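Chains, contacts and geometry: an overview
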Amino acid sequence: LKIKYKIDISISFMEAWNFLNVCSKYHDKVIVSVRTVISERTEYTGLLYDPKWIRRLYNRADTVVAVSDYARDDLIRNYKLKSNKCVTIPNVSKKYEILSDIKDWKYGDSTIISIGRMDTVKQQERIIRAFSEVKKIDNRARLVIVGDGKQMNFLSNLIDSLSLRNYVVLPGAQTDIGFYL
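Criteria and cut-off values
Residues numbered from 1 in each chain as written. Predicted model: local features only at pLDDT ≥ 70, side-chain atom pairs only at ≥ 80, totals over all residues. Heavy atoms only, no water. Buried < 20%, exposed > 50% of the residue type's maximum accessible area, 1.4 Å probe, protein only. Helix = DSSP H or I, 4+ residues; strand = E, 2+ residues; numbered from the N terminus. Arc of directions from axis to C-beta. Patch = residues over 30% accessible without salt bridge, like charges linked within 9 Å, V, L, I, M, F, W, Y side chains within 5 Å. Areas by Shrake-Rupley, 256 points an atom, 1.4 Å probe, with all protein chains shown as cover. Salt bridge = Lys/Arg side-chain N within 4 Å of Asp/Glu carboxyl O. Core = buried A, V, L, I, M, F, W, Y, C linked by side-chain atoms within 4.5 Å. Contact = heavy atoms within 4.5 Å. Pairing = 2+ DSSP bridges. Axes fitted to C-alpha atoms, helices over the stretch in contact; angles between N-to-C directions.

1. Topic: helix H3 (residues 69–79)
- Among the residues of H3, Ala71, Asp74, Leu75 and Tyr79 are the ones counted as buried. The buried residues of H3 occupy an angular sector of 100° when the element is viewed end-on, so they sit on one face.
- With its phi angle positive at about 55°, Lys80 sits one or two positions after the end of H3.

Below, the structure is given as structure tokens:
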């Protein structure tokens, strides 16, 4: 397809697509994007996470984009990627106007907000367990975890098992996170 459609630049995100992008390199500029710290993803195994294959293939890309300096350093240190190929482009962050009069805010003034998909890699379980200690110190504290995903039921059950139902809120996925920020 790259040859047929005369593709000039191919950009891929995440491990499986990055491998396909690099393996199908022809005359196009190949940019792969790493959205995590691969060495810390111990729950994933196989070819896509094999350091030898990551080193061989990602070094064939023209540019490797990491989501943070920490992820970039991980690629250079643990996978021997050439530092001149690796760049950091952080996740987009939007500045929100601070609203002094939020009529619908019901979580109080001591609220911790976490936003992200509910996946083990986001470690909301740890956030909830740590928050259970915060609650012991400040009974006014609240935790709001915005997002949805395969861990929703597990996290909800954890909240119940730690008797945090009145302190931890899971509003699900939201289209406007600015309200929470």
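2. Brief notes about a nonpolar patch on the surface
- Residues Ile9, Ile11, Phe13, Met14, Trp17 and Leu20 make up a contiguous nonpolar surface patch of roughly 640 Å² in combined accessible area.
- Tracing the sequence through the fold places Ile11 in strand E1 (residues 9–13).

3. Focus: the nonpolar core
- Counting residues in each nonpolar core, the largest one holds 20 residues, and the members touching the most others are Val32, Ile38, Ile54, Tyr58, Val64, Leu75 and Leu81.
- Broken down by secondary-structure element, the contributors of at least two residues to this core are helix H1 (15–23), strand E2 (29–34), helix H2 (51–58), strand E3 (63–66) and H3.
- Non-local contacts of Ile38, meaning those with residues more than four positions away in its chain, are made with Glu15, Tyr49, Ile54, Asp74, Leu75 and Tyr79.
- Met118, Phe131, Leu155 and Val168 belong to the second-largest nonpolar core, a separate cluster that totals 14 residues.

4. Things to note about the sheet that holds strand E5 (residues 111–115)
- One open sheet accounts for three strands, arranged E5-E6-E7; its pairing is parallel. At either end of the open sheet lies a strand with only one pairing partner, and these are E5 and strand E7 (168–172). Neighbouring strand axes in the sheet, compared pairwise and without regard to direction, differ in orientation by 20° on average.
- Direction of pairing for E5 relative to strand E6 (residues 142–146): parallel, over a ladder of five bridges. Paired with Ser114 across the two strands is Ile145, which belongs to E6.
- On the sheet, helix H4 (residues 124–137) packs against E5, E6 and E7 and is oriented at approximately 170° with respect to E6.

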